Amino acid sequence: MSAPGAPAIRVENLAKSFGAVTALVDVSMHLDRGECLGLIGDNGAGKSTLVKILSGFQRPDSGQIFVNGEEIGLRSVDHARSLGIDTVYQDLALIPTLSVAHNMFLNRELTGGLGPFRWLANAEMRRRARESIEEIGIRTLRSVRAEVAMLSGGQRQAIAIARSVHSGARILLLDEPLAAMGAKEGEMILDLIRDLKASGHSMIVVAHNFVHVLEVCDRVNLLQHGRITLDALSSETSAEELTDLVAAEYRAAKKKPGGDNGNDSQR
Amino acid sequence: MATAGAEVPTPERRAGFGWRVAGAFIRRREASILVVAVLLSVYFSLENEAFYSSDNAKNIAETMAPIALIAAGEVMLLICGEIDLAVGRVYALAPAIVYVVSSEEQHGYPIWVGMIAALVVSGCVGLTNGVITTFLRVPSFITTLGMLFLLNGITLHLLAGTQVFMPGGETFQKIFGSQPDAYAFFFNSTFWWALGLVLAVQFVLTWTRWGLHTIATGGNLIGAAEAGVNVRWIKIGNFILANLLAGFAGILDSTRITTIVPLQGGPDIMFLAVAGAVIGGTSLFGGSGSVIGAFIGVAVLIILRTGFSIIGVSAFTFELILGIAIIASMIVNVQVARLRNLGRLQ
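Residues numbered from 1 in each chain as written. Chains lettered and ligands numbered in written order. Predicted model: local features only at pLDDT ≥ 70, side-chain atom pairs only at ≥ 80, totals over all residues.

**Section: the overall build of chain A**
A count of helical and extended segments in chain A gives 8 helices and 12 strands. For 267 residues, the compact-globule formula gives about 18 Å, and the C-alpha radius of gyration of chain A, at 19 Å, lands near that figure. Taken over the C-alpha atoms alone, chain A extends approximately 65 × 40 × 40 Å along its principal axes. Burial status across chain A gives 45% buried among its 267 residues. At a minimum sequence separation of 6, the contacts of chain A that also span at least 24 residues come to 67%. (Helix = DSSP H or I, 4+ residues; strand = E, 2+ residues; numbered from the N terminus. Rg over C-alpha atoms; globule rule 2.2 N^0.38 Å. Buried ≥ 20, exposed ≤ 12 C-beta atoms within 10 Å, placed from the backbone. Contact = placed C-beta atoms within 7 Å.)

Pasting the structure below:
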């Protein structure tokens, strides 16, 4: 049932628990093609769990996932990647003791050699890593041989994103791309996200900062206590409204423990 | 060095001159430890010319060879964030298996059958350690501590607690033991096996996906898993590799001395191997290391021990100095890792 106009990702009634902790109660949402969707919500609302399920790292307890209109049971990270979904995690999944080039090609290494005797094609990996870093416009990096441990937070984030883009991913999941970053570096990453949108990538951006989200995203979803409680176009909402919603929920929870003050979908 | 888009250097990351010198020294850890090995050799040769003799070179070479083999396996394990304390017992178990399978008194199969059986058993020990550590989530320190006692019990049972002759004919002795008539460069087969395998493991570490994934697993376990690296299999595979190397080292040594001693090796040889690995620049926190560095690190330990005994320093003093050397290199090791994480060393 793959339809040409189908959303890049659509999920229906996803649920996920970890022992006694319920991370996702009932999540239904969608990401259109070429769209940038902001996913916001408090700590523990289930944002990271949702991202991990969509990236194939964890499996939902129940619910359906549709990629480009087709129902898919995401089996593994490799499976999700084969469908063009790639994730830049909050912890970036970079290896501090490996070079930039090796990190860019982690688990997708280029090799040369004969039959079962294969060795790393390091020169080729360095060349391609350099190209894609130049393409994406990271200008502060001195060498792709540099160990990631030597890089700044913004540089690391940019390299993690460059890695996903380089791998041919069309659907990018960015988990807290602006966490713990200075204003200048944050701006660099926001520019990067705009460039990616311009080149036709679909993206889910998980973030805390409502202003940043509204700046780059087309649409915003608010996740509260494992449910989507708001789905609005960025042009139709504001940072104040989002802040009010989160604060209202906090006040309601204080009065009535476990209470869920969801301001339901506008669409 | 090639640069990518280097218009703007990052000034806040620029390390001072002292840090850069320290960084260069540490990045070339193999080279600096090699300098130490050469300086020690020169010192001992000047002190006593007996040190500078082909007999002593052979002695050092054959003492260090099995330890260097075990160290190569430990390096791979330390890099992926694990350790195996029981490899010294596998070193004793493997030749005991060869004895049970191939000796005339026991089953009398051809020697190569015994050797394959011993290596299969060694590999299975590694597999067991790896599965208990990764799937049952017992820290490898504990898993292999238990295995250390368990294997010793098995070896003692197999050999009834006594030492026996190593089976194997003249050809087997020449290939895996010593060549009394013609020492190539004064060394025996054991040394060349060790050198060859150390270079092979170093190749695997730096030039293959397996090596890269081993570094990734130890450098950032969750990150490597998120990137799709099968971190459990990487760890299990390195446990198997380390135990195969230890078993092979035991067979080499028993063949060379033509005797199997149930209590040979043990924690002693394992700790020397780990110490050599750390002296040679392998991080105790995982994520980086060098097999060749470990080879030279083990050489330094054996040069120290042999040198001290030749110039007449007592074994007590050797132990004391060895202890200081190990603690000092551990301090360097830990501090280097700390400074690296702070981005001070470039």
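**Describing the overall build of chain B**
A count of helical and extended segments in chain B gives 14 helices and 2 strands. Out of the 346 residues in chain B, the part that is buried amounts to 50%. A sequence separation of at least 24 residues applies to 78% of the contacts in chain B between residues at least 6 apart.

**Some details on the pairing of strand E7 (residues 111-114) of chain A**
All names here are of chain A. Of the strand pairs in this sheet, E7 and strand E8 (residues 117-120) are connected by 4 bridges, and their pairing is antiparallel. Paired with Gly 112 across the bridge in E8 is Trp 119. The hairpin formed by E7 and E8 contains 2 residues between the paired strands, and Gly 115 there has a positive phi angle of roughly 50°. (Pairing = 2+ DSSP bridges.)

**Remarks on the environment of Asn188(B)**
Tracing the chain through its elements places Asn188(B) in the loop between helix H7 (170-176) and helix H8 (189-207). For the pair Asn188(B) and Gly177(B), spaced 11 residues apart in sequence, the C-alpha to C-alpha distance is 7.1 Å.

**Brief notes about the nonpolar core**
Residues Val205(A), Ala68(B), Ile70(B), Ala71(B), Ala72(B), Leu245(B) and Val298(B) are the most contacted members of the largest nonpolar core, which totals 169 residues. No other element matches the 15 residues that helix H3 (residues 54-79) of chain B contributes to this core. (Core = buried A, V, L, I, M, F, W, Y, C linked by C-beta atoms within 7 Å.)

**A few points about the packing of helix H4 (residues 87-102) of chain B against helix H6 (residues 140-158) of chain B**
Residue and element names in this part refer to chain B. Two elements in contact, H4 and H6, have axes separated by 9 Å at closest approach and are oriented at 25°. Regarding the angle of H4 to H6, the classification is roughly parallel. Remark: the crossing between H4 and H6 carries left-handed chirality. Every residue of H6 that contacts H4 at Arg 89, Val 90, Ala 92, Leu 93, Ala 96 and Val 100 is listed here: Leu 148, Leu 151, Asn 152, Ile 154, Thr 155 and Leu 158. (Axes fitted to C-alpha atoms, helices over the stretch in contact; angles between N-to-C directions. Parallel < 35°, antiparallel > 145°, perpendicular 65-115°, else oblique. Left-handed = near helix turned anticlockwise from the far one by under 90°.)

**Comments concerning the confidence of the model for chain B**
Averaged over every residue, the pLDDT of chain B is 86; residues scoring 70 or more account for 87%. For this predicted complex, the interface score ipTM comes out at 0.81, alongside a pTM of 0.82. (pLDDT = per-residue confidence, 0-100.)

**A word on the packing of helix H5 (residues 111-134) of chain B against helix H11 (residues 231-257) of chain B**
Residues and elements named next belong to chain B. Direction vectors running N to C along H5 and H11 enclose 145°, while the axes themselves pass 7 Å from each other. Two packed elements cross with a definite hand, and for H5 against H11 that hand is right-handed. The class makeup of the residues in the contact of H5 with H11 is 14 nonpolar, 9 polar and 2 charged. (Nonpolar A, V, L, I, M, F, W, Y, C, P; charged D, E, K, R; others polar.)

**Topic: helix H1 (residues 47-54) of chain A**
With respect to burial, H1(A) is a largely interior element, 7 of its 8 residues being buried. Here H1(A) has its buried residues at Lys47(A), Thr49(A), Leu50(A), Val51(A), Lys52(A), Ile53(A) and Leu54(A).

**Remarks on the environment of Ile136(A)**
Residue and element names in this part refer to chain A. Tracing the backbone shows Ile 136 in helix H4 (residues 122-136). Remark: the alpha-carbon pair of Ile 136 and Arg 156, spanning 20 residues in sequence, is separated by 13 Å. In contact with Ile 136, not counting residues within four places along its chain, are Ala 158, Ala 162, Val 165 and Leu 192.

**Some points on the pairing of strand E3 (residues 36-40) of chain A**
Residues and elements named next belong to chain A. By the criterion of burial, E3 is predominantly enclosed, with 5 of the 5 residues buried. Relative to strand E10 (residues 202-206), E3 runs parallel, the two being bridged by 4 bridges. Directly across from Cys 36, in E10, lies its bridge partner Met 203. In the sheet, E3 pairs with strand E11 (residues 219-224) via 4 bridges, with the strands oriented parallel. By the bridge assignment, Leu 39 is partnered in E11 with Asn 221.

**Here's the deal with unusual backbone geometry**
In terms of backbone geometry, most residues other than glycine have negative phi values and most peptide bonds are trans. Residue and element names in this part refer to chain A. One non-glycine residue with positive phi stands out, namely Asn 13, at about 55°. Within the secondary structure layout, Asn 13 lies in strand E1 (residues 9-18). The backbone of Asn 107 shows a phi angle near 65°, a positive value even though the residue is not glycine. Mapped onto the elements, Asn 107 comes out in the loop between helix H3 (100-104) and E7. Given 19 C-beta atoms within 10 Å, Asn 107 falls into the partly exposed group.

**Side note on the environment of Val165(A)**
Tracing the sequence through the fold places Val165(A) in helix H5 (residues 153-166). Sequence separation between Val165(A) and Ala23(A) is 142 residues, and the spatial gap between their C-alpha atoms is 29 Å.

**What to know about the confidence of the model for chain A**
The predicted model of chain A has a mean per-residue pLDDT of 84, with 94% of residues at 70 or higher. Low pLDDT, under 50, characterises residues 258-267 of chain A; the predicted model gives this stretch 19 contacts beyond four residues in sequence or across chains.

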